[in-house]
Number of protein chains: 2
Amino acid sequence: MENYSVVGKRLPRIDANVKVTGDAKYTGDMILPGMLYGKILKSPLPHAKIINIDAGKALKLKGVRAVITGKDTYGIKYCIIDIPQALDKCPLAVDKVRYIGDEVAAVAAIDEDTAEEALDLIEVEYEELPAVFDPIEAMEPDAPKVHEEKENNIAMGVSYQLGNVEEGFKNSFLVREDEFKTQAIQHVPMEPHATIGHFDSSGKVTVWSGTQSPYFIHRDLARTLNIPESKVRVIKPYTGSGFGGKTEMHSHDFCAALLSKKTGRPVKIVYTREELFTNTRLRHPIIIGLKTGVKKDGTIMAYDIKAVLDGGAYNSTGPLATFLFTYFPFLVYRMEHYRINSTNVYTNKPFCGAMRGHGAPQGRFAFESQLDMIAEELGIDPVEIRLKNAISEGEVLLNKTRIKSCGLKDCIKKSSESLNWKEIEPHKGIGMGCQGFVSGANIAPPYDATGTIIKAHEDGGVTVLTGASDIGQGSDSIIAQIVAEELGIKLEDIRIIAADTEITPLEPGSFSSRVTLMSGNSAKAAASDVKQQLFEIVAEKLEANVEDLDARDRRIFVKGSPDRGMSFKDAITASFGDKEMPVLGRGHYYAKVDTASMATGECNMSRTYSFASHAAEVEVDPETGLVKIIKHSAAHDCGRAINPMAVEGQLEGSVSMGQGFTLLEKVYIDKGQVLNPNLLEYKIPTSLDSPEIESIPVEAIDNEGPFGAKEAGEGATNPVAPAIANAIYKAAGARVYELPITPEKIVNSLEEQ
Amino acid sequence: MENYSVVGKRLPRIDANVKVTGDAKYTGDMILPGMLYGKILKSPLPHAKIINIDAGKALKLKGVRAVITGKDTYGIKYCIIDIPQALDKCPLAVDKVRYIGDEVAAVAAIDEDTAEEALDLIEVEYEELPAVFDPIEAMEPDAPKVHEEKENNIAMGVSYQLGNVEEGFKNSFLVREDEFKTQAIQHVPMEPHATIGHFDSSGKVTVWSGTQSPYFIHRDLARTLNIPESKVRVIKPYTGSGFGGKTEMHSHDFCAALLSKKTGRPVKIVYTREELFTNTRLRHPIIIGLKTGVKKDGTIMAYDIKAVLDGGAYNSTGPLATFLFTYFPFLVYRMEHYRINSTNVYTNKPFCGAMRGHGAPQGRFAFESQLDMIAEELGIDPVEIRLKNAISEGEVLLNKTRIKSCGLKDCIKKSSESLNWKEIEPHKGIGMGCQGFVSGANIAPPYDATGTIIKAHEDGGVTVLTGASDIGQGSDSIIAQIVAEELGIKLEDIRIIAADTEITPLEPGSFSSRVTLMSGNSAKAAASDVKQQLFEIVAEKLEANVEDLDARDRRIFVKGSPDRGMSFKDAITASFGDKEMPVLGRGHYYAKVDTASMATGECNMSRTYSFASHAAEVEVDPETGLVKIIKHSAAHDCGRAINPMAVEGQLEGSVSMGQGFTLLEKVYIDKGQVLNPNLLEYKIPTSLDSPEIESIPVEAIDNEGPFGAKEAGEGATNPVAPAIANAIYKAAGARVYELPITPEKIVNSLEEQ
C-alpha cells in the first residue's frame, strides 16, 4: 500500500451531515417563485390510436393554467441511444399510444390536487388496437405491430459468432442446453423522479432534475423542444439514487419545460411511486437459451446463446442492452467458441432501460446456474471449475478484450474461504457466482470526454467543477479524495460543484460505472495542473527545482527537507500577489477504447475491468420453500479502493438489490396493466431481510484508474442471483430456472422431482 | 473604427428580456424551503452604552425562532478597508451604540410581521452618552468621543504637499479662497438591500445577497462569524443597482447568517427603504476650503485645500474616500503646486461610504465653481480657461500619474459645441464642468487579480465564468460582447455565470469602475486561450498554420480564404472527438500600478484614465428660484465604447444622479435623527424631471483596455453639479456654495446681493 493521506481511507462522505439532517434539498423540496405543479395523463389502453383530445373542461377548472398534448409538440422522437433507427419515442404521444401508461397530455395548475383533478376532465377518444404482450408472440408475422416500421416487432438484433461453435461442441465431453428466464423489476430509488422546468422570457429553459445525467436531458430536451442546445440548462440538485433509471430524459422533464413555456412560470412535476413503475423504466426480462460445451475436466469450449429481451413499448437503452448481453459473458470465463443471437422485441408494455449491471445480472443467473449443473454432472467442485476457467491478468479474450489487471481468481478464493463449505448443515447450502464488468464505456459519442476545472481559493482550499453526477453513490466524495490526495491537502479543503450543464465541464453522466475512473482521472489531471502551477511559484520562492518539490499535509516543500517549504495557502496567496494570476487548473480524460463491431462482437469496451465472486449460504425450509440467506460474501476486485467504506456500501447495496432480484421482486403485468405498482405489493428487501454481508475488497491495482482504482458500482449486483440460486439447489435440491425464486417455485420444483 | 462584429455595436443587453418581464429573480424574490424572515432592532439613541438587553418577551412571541444580540457574536470588528486602524464596526453593537440606527439585536420569525412585532418586545437598557453631530465640533478636544481610541474623533487624515504652494501663490496674478459644502445623499437603488443566509449542518453558510462584491461579504462574514473562509459561499443573484452602496458587507448579511446558524433554517432579511437611509451608507458631506492661485492668462499655479469629511459613526470606505478626495483633482487640470489636508471625522450619525464618483463629485463642485469665478474675474471664457489648463495625452502629472490617452480637450470642445453659448436668452445660462477618473483601482490586496474561465459547449456556444458583478450596469453584457468578438461568434452564443465565490474565479467586485477594463481584459485573455486551442485543432484539420487563421461569423478559416475553414461548432466538436479534450480557456488580469504614498500623494492609481466635460443649459425663475435644466450635454472619453448604447445609459443615469445631487437631494439629519428616510420626503429626479441629455462618446482608444475600452460608469457623475451650478450663476447671477442648490438658496443669494 502506497503511503497515501486521503486515498484509501475510510472517510465519511463530504455530504453526510447535510443528508442526515435534511439540509440537502432535492428537486422535490425546491420552491421557485410563482411555481406551478404539473401532472401527466396516461393512456388506459395498451395500444390505441388517438382520435381526439378535448381539454376544454380541464382548462375551465379553477386553478388550471395550461394543458398540453402531442399536438403542442413537434412530434420529434428521441432515444438515449442516439442512432437514427433507435429514435422511437415522443415525450407526449402524437398518433397512438403503445402501452398502459403512455403519456398523452399534461396539466399545469396552482397545486398538485388541482392538476390531478384536471386530468380526469381531459377527454381522450381512442380507437383501440390489438395488442401484443409476449415477446415470442410479438415476433410472429401476424402479430400486432407496436411500431409500424419495425418488422416482426424486432427493435434490435445482435448476432455474431467467434470461433466455430459447432466444432466446439463436437470437441466437448459434455454439452448442456437449458433455458432460463428473468423478470421485469424496477429500480425503486428512494427519491422519485422529480423535475422543475423554467422557461424564461429570453427563450431559455432551465431544468432542475434528479438525474444521473444532465447531459442526456440537455441533449434530448433541446431536440424535442426544437430549440438550440444553448437555450437549455440542466442542473442536478441532490439526487436520491438512480440505479440506471434516471440516466435519460423522461416525459416529465419535457412536460414541465413545455408547460413552463406555455405559462411563463416554473412548473414542477414529481412522479408518484406508481408512475415510477409505469413511466420510468424496468429491467429487461430476458429469455435465455443457453447451450454450453465443456471438456471432461470442466474447461469451457463453446457457448451458443439465444436471448430474447422483452423491451416493452419503446427502446430506451434497449439497443445497448441487446449488445451488452452478448458482451459481458467474455469477462468471466475463457472460451474458444461463441455464438450469440440477442434480440430486443417491442411489446405493448411499460418499457425497459438501463439498470445496475445492464444485461449482466440476467446473463450471470443463466451462465453460473448452468455451470453448477455442469460441475455436478462432471463431479467437479464449483469453486474448482470456476478457478479453472476464470480469466486472468494479461489475457486477450476471444472478442479481443485486453485484460490488464484481474483479481477474479483471488475473488473466487476469498469469497469461498469466507464460508465453511465443508461442514454444511442439513437444509443449508452454499453457492457461488462470478462476474466481470467495465470501468466505464463510451456511449455518447462524440461527447464521451470528461473535463474538470479546479479553482484555488485564497483560503487555501479549492473548488472542483465536475460534470460527475453524484446520485448517492458518493462520487463527489471520491473526486474530493482524489483531488485532496493529488494536492496534498485535506478532504475538508475541497468543495465540489457538480453536474450543471452551464457551469461544469462536459461529462456525459453517471452510468456504466464510469465515474471513478473517468471523472476521477480528469479530476486528478486538473489537480496535477494546479499543483504544477503552485510548484513553479514555490520553486521560485525557495530557489529550488520544481522536480524536487512535494505536496503533503497542506504544505509544499522540498522532498526530504519538510522544513524547507511553505503552506499550500501561502502558495496560493503568492500566486495572486506575486504572479497576479488566480490559479486555475484544468484536466480532461477520454478513454481510448475500440468501438464494438456489431458484426463480430469484437471490442475492448473499457480501459480496465473489475471482477467479483460472491458466495452465499442459505437455509431453505423444504415444506414452505422459504429461503433465508444466512451469509453473503462479496469479494470484489475494485482496484485501489479510494474509500473502502464507500466500496463496502456499494457491495452491500448490490447484495441487497440482487437479493430482491433473486427472491422477491417482479413487476407483474397482466394484459399490459402493471398489477403491483407500489411498495406494498412490490416487495424489496428491507434492512431486516438483509443477511450478514462480508465485503472483501480485492485490490488488483490498475494504473489506468486514478491511484489504481476500478469499478465498484454495478458489477457486484451481477453474481448475487446465481450465488443464491446455486445455494438453494445445494440446500434443497431445487433448481429454479426462472427468477424470482419464490417459495412456490421451490416447492413446485421439489414436487416435480 | 476597426472592423468589429460585436464590439462597438448598439446591442440590447443579454438580460433585457428577463428583466422587463420579471423573470429575473432578485434576492427578495427567492424562497427557500423552511425559510424564516429576519428583522433588525436599531438604536433609538445617537450615543449610549448598552447596559442590558432582555429578549425574553420577544422569544415568547408565537412564531419567533431566535433572537441574537452582540453577546451572541465574537465582537469582531470589520471594515471594507482592511487595514488594522480602520476596523471599527461590529455587525451587532457590543458595548455601545454610536448612532440612531446602530444595530443592537436581530430576530428570526416565521414571517416579517412577527419578526417586526418581536422587535418591540426586546427590552434594551441604555445609558445615554453625550453625542456630537458636527464634524468641526467633533474635532474639538472636549468633544464626546465616538470611538474612545480615536484622538479628536479623527478617523483618518491625509496631508501632503507637492511643489511649494506658498511659492506658487507668490507667483500668481490672482489668488481666490472660497468655501464649499456638500451634503449627505443616499444611493437609492431600485432594489433594497436583501440577503438570505443559510447555515447548513456541515457548518457551511451560503449567502445570497444583492451585492456589488460577493468577495467582500465572503471575507468579512468569515471574519466576523469567526469561521474559515472555506465555510462561506456568497452568491449574487440579479441585483438592482448599487452605486457603491452595496460594495461591502452590511449587518443584515451577518444577522441572516447568524440567525440561520441558531435556527438551522435559511433566514431572509430585506431592508426597508427607511433602513437604506439609516443602515446602509451615505455620500460623505465635505466642507472644502479651496485656495487657488492662477496666472493672468488663467494658468493654474497652485491649490491649497482643507477638506473635512463628515464620516458619521463608522469608517466604511472613509479611509479611501479621504485619500481619493486628494487624488482626483490631479486628473483634470495641470498644476505646479499642491497642498492638501483631508480629514475624515467621526460623528454620531448614520455613516458614509462609497458612492458613484467616491470623493470626486464633491471636489468637482468646488474646483469647477471656483474656476468659473476666476475666469470671470480674469475676463476669460469658461471654455477657454478649461482648454488652457486641461491635461493631455502623454503627460506625467505632478503626482506622477501617467496619462497614456486623454480625450479631455475633445470633450470640452464637443460638449460646449453642442450648446449655443452665444445667443443665450434672458434667465437662461450655460455652465460647464470637467473631470477625470480611474478605470479601476486595486483596493483589496493581495486579491486584486481577476480570473476568467471559458467553457466551450458542444452546441457551438461558450459559458463564461466570471467573478464580475452585474448590478444593472450591464457588465455581463459587456463581457459577453468582448468574448463574442474575440472568438468571432455571436452575442447569443455566450452564456455568463457570474459572481459566486464558490464557482467563479477570484474577482474583488464592481467598484472603482474596474469591471470593463479588468474583468474585460481577463475575459478577453480567456477567450483568446479558447481561440488558440481551437486554432490548433483547425490548423491540423486544414493543414494550415495557426498564425494564418482567423475567427469570424461563427467560423474559423484561413485569412483571405474564408471558404477554407470550418464552423466554430465543428471545431469544438473536433476538440471532443479527435483531441478528446473539452476546450477550457482561462485568463487573468492584474493591473500593475504604483501604490499610493500617503506621505507624498504620489501614485499612478490606474492603468488608464477617462475624462469628461459636461455643459448644462438652465433656466432660472428669478422670483421663485426654480431651476429648469433645458439641455445637458455629456461628452465622455470612454476609450472604445464596447456598446455605445450602454455608455449612453451610463451617461444619462449619471446626469440624472448628478442632477439630484445638485438640485434636490439631501438626507436631513437632526441630532442624529434622519428626518426624511423615504422617497416621499427625499426627492430624486424622475423621468419627468429629466432634461434633454446629449451623450457624446469621445473615443480616445487606449490599448490598456479590452479593444481599447476605458471607464464609463462613475466619472460622468462628477461634472454634473458644477455644470449646473455655473449655468445657474450665468442665468440668475446667484452663486451658491452649498449643495443642494435649492430655490430657497438661489433666492437668498439674489436677495443678499
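Draft legend 1. Spotlight on the pattern of salt bridges. Going through the model one piece at a time under the given rule, you end up with 86 salt bridges over all chains. One salt bridge in this structure joins Arg-339 of chain A and Glu-166 of chain A, with 2.6 Å as the shortest N-O distance. Here Arg-339 of chain A is found in strand 15 (residues 337–346), whereas its partner Glu-166 of chain A is found in helix 5 (residues 165–170), with 173 residues between them in sequence. Given the relative accessible area of 38%, Glu-166 of chain A is considered partly exposed. Lys-89 of chain B is the salt-bridge partner of Asp-102 of chain B, the closest N and O atoms lying 3.6 Å from each other. With Asp-102 of chain B in the loop between strand 4 (96–97) and strand 5 (103–109) and Lys-89 of chain B in the loop between strand 3 (64–69) and strand 4, the pair connects residues that are 13 residues apart, well separated along the chain. One connected set of salt bridges, linked through shared partners, spans Lys-204 and Glu-502 of chain A together with Asp-459 and Arg-495 of chain B.

Draft legend 2. Structural context of the nonpolar core. If you look at the biggest cluster of nonpolar residues, it comprises 144 residues, and the most contacted ones within it are Val-462 and Val-483 of chain B. Element by element, the count of residues in this core is highest for helix 14 (residues 515–542) of chain B, at 11 residues. Aside from chain neighbours lying at most four places away, what touches Val-483 of chain B is Ile-454, Val-462, Val-464, Ile-494, Ala-523 and Ala-527 of chain B. Core analysis: the second largest hydrophobic core is formed by 143 residues, Val-483 of chain A together with Cys-79, Tyr-160 and Phe-367 of chain B among them.

Draft legend 3. Seen up close, the interface of chain A and chain B. Taken together, the contact between chain A and chain B spans 56 residues of the former and 57 residues of the latter. In total, chain A and chain B occlude about 5,000 Å² of area from one another, counting both sides; carbon and sulfur atoms represent 62% of this. In this structure, the connection of chain A to chain B is made through four salt bridges. The residue Arg-586 of chain B makes a salt bridge to Asp-529 of chain A at a minimum N-O spacing of 2.8 Å. Taken together, the links from chain A to chain B amount to 19 residue pairs in polar contact (both at pLDDT 80 or more). At five residues, the largest contribution of residues to the side of chain A that touches chain B is made by strand 17 (residues 450–456) of chain A.

Draft legend 4. Just the relation of the copies chain A and chain B, in detail. Once turned by 180° and shifted 0.0 Å along the axis, chain A lies on chain B with an RMSD of 0.0 Å. In symmetry terms, the pair is related by a two-fold rotation axis. The rotation axis passes nearest to the C-alpha of Ile-31 of chain A in chain A, at a distance of 3.2 Å. Interface residue correspondence from chain A to chain B reaches 98%, placing this contact among same-surface, isologous pairings.

Draft legend 5. Geometry of the environment of Glu-376 of chain A. Residue and element names in this part refer to chain A. Mapping Glu-376 onto the fold places it in helix 10 (residues 360–378). Since its relative accessible area comes to 47%, Glu-376 is described here as partly exposed. Each C-alpha atom, one on Glu-376 and one on Asn-676, is 38 Å from the other, the two residues being 300 residues apart in sequence.

Draft legend 6. Highlighting the packing of aromatic side chains. Using the criterion set out here, one finds 35 aromatic pairs over all chains in the structure. Geometrically, the ring pair formed by Phe-180 of chain A and Phe-365 of chain A is edge-to-face, given 5.7 Å between the ring centres and 80° between the ring planes. Taken together, the residues span a long stretch of sequence, with Phe-180 of chain A in strand 8 (residues 174–181) and Phe-365 of chain A in helix 10 at a distance of 185 residues. Just as Phe-180 of chain A is buried, Phe-365 of chain A falls in that class too. An angle of 25° between the planes, with centres 6.2 Å apart, marks the rings of Phe-323 of chain B and Tyr-327 of chain B as stacked. On the criterion of helical spacing, the pair formed by Phe-323 of chain B and Tyr-327 of chain B is a turn pair, its members being four residues apart in helix 9 (residues 318–327). For the pair Phe-323 of chain B and Tyr-327 of chain B, a shared accessibility class is recorded, and that class is buried. Grouped by ring-pair contacts, the aromatic residues Tyr-160, Tyr-303, Phe-330, Tyr-338 and Phe-367 of chain A constitute a single cluster.

Draft legend 7. Quick look at the pairing of strand 14 (residues 300–312) of chain B. Residue and element names in this part refer to chain B. Of all 13 residues in strand 14, 12 are buried; the element is thus mostly enclosed. Sheet topology note: the strand 13 (residues 286–294)/strand 14 ladder contains nine bridges and is antiparallel. Following the sheet pairing, Gly-289 is matched in strand 14 by Lys-306. As paired strands, strand 14 and strand 15 (residues 337–346) are joined by 10 bridges and run parallel to one another. Bridge assignment links Ala-302 to a residue of strand 15, and that residue is His-337. Taken together, strand 14, helix 9 and strand 15 constitute a β-α-β crossover, and its handedness is right-handed.

Draft legend 8. Expanded view of the packing of helix 10 (residues 360–378) of chain B against helix 11 (residues 382–389) of chain B. All names here are of chain B. Between helix 10 and helix 11, the shortest axis-to-axis distance is 9 Å and the interhelical angle comes to 110°. With respect to each other, helix 10 and helix 11 are oriented roughly perpendicular. The element helix 10 and its partner helix 11 pack so that their crossing is right-handed. In contact with Glu-368, Leu-371, Asp-372, Ile-374 and Ala-375 of helix 10, helix 11 contributes Pro-382, Ile-385 and Arg-386.

Draft legend 9. Looking closely at helix 16 (residues 644–664) of chain B. Residue and element names in this part refer to chain B. Over its 21 residues, helix 16 extends 29 Å from the first C-alpha to the last, a length consistent with the 30 Å expected when each residue adds 1.5 Å. In terms of residue burial, helix 16 counts as a mostly covered element, since 15 of its 21 residues are buried. For helix 16, the side-chain oxygen to backbone nitrogen distance between the N-cap and Met-645 is 3.0 Å, and the N-cap itself is Asn-643.

Draft legend 10. Fine view of the sheet that holds strand 18 (residues 462–466) of chain B. Residue and element names in this part refer to chain B. Taken together, four strands build an open sheet; the order of strands is 19-18-17-23 and the sheet is mixed. Both outer strands of the open sheet, strand 19 (494–498) and strand 23 (584–589), are each paired with one neighbouring strand and no more. For this sheet, the mean angle separating the axes of adjacent strands, direction not counted, is 20°. Taken together, the five bridges between strand 17 (residues 450–456) and strand 18 define a ladder with antiparallel strand orientation. The residue of strand 18 that forms the bridge with Thr-452 is Thr-466. The strands touched by helix 13 (residues 475–487) are strand 17, strand 18 and strand 19; relative to strand 19, the strand with the most contacts, the crossing angle is about 135°. Together, strand 17 and strand 23 form the strand contacts of helix 14, whose direction differs from that of strand 23 by roughly 145°.

Draft legend 11. Spotlight on a negative patch on the surface. A cluster of like negative charges, contributed by Asp-111, Asp-113, Glu-117 and Asp-120 of chain A, occupies part of the molecular surface. Relative to the assigned elements, Asp-120 of chain A resides in helix 3 (residues 112–121).

Definitions and cut-offs
Residues numbered from 1 in each chain as written. Chains lettered and ligands numbered in written order. Predicted model: local features only at pLDDT ≥ 70, side-chain atom pairs only at ≥ 80, totals over all residues. Heavy atoms only, no water. Salt bridge = Lys/Arg side-chain N within 4 Å of Asp/Glu carboxyl O. Helix = DSSP H or I, 4+ residues; strand = E, 2+ residues; numbered from the N terminus. Buried < 20%, exposed > 50% of the residue type's maximum accessible area, 1.4 Å probe, protein only. Core = buried A, V, L, I, M, F, W, Y, C linked by side-chain atoms within 4.5 Å. Contact = heavy atoms within 4.5 Å. Buried area = accessible area lost by both parts, 1.4 Å probe. Polar contact = N/O pair within 3.5 Å; in protein donor to acceptor, adjacent residues only side chain to side chain. Least-squares fit on C-alpha atoms with pLDDT ≥ 70 in both. Phe/Tyr/Trp six-rings, centres within 6.5 Å; stacked < 30°, edge-to-face > 60°. Pairing = 2+ DSSP bridges. Right-handed = clockwise from strand over helix to strand, strands pointing away. Axes fitted to C-alpha atoms, helices over the stretch in contact; angles between N-to-C directions. Parallel < 35°, antiparallel > 145°, perpendicular 65-115°, else oblique. Left-handed = near helix turned anticlockwise from the far one by under 90°. Expected span 1.5 Å × (residues − 1). Patch = residues over 30% accessible without salt bridge, like charges linked within 9 Å, V, L, I, M, F, W, Y side chains within 5 Å. Areas by Shrake-Rupley, 256 points an atom, 1.4 Å probe, with all protein chains shown as cover. Lys, Arg positive; Asp, Glu negative; His and termini not counted. Charge placed at Lys NZ, Arg CZ, Asp CG, Glu CD.

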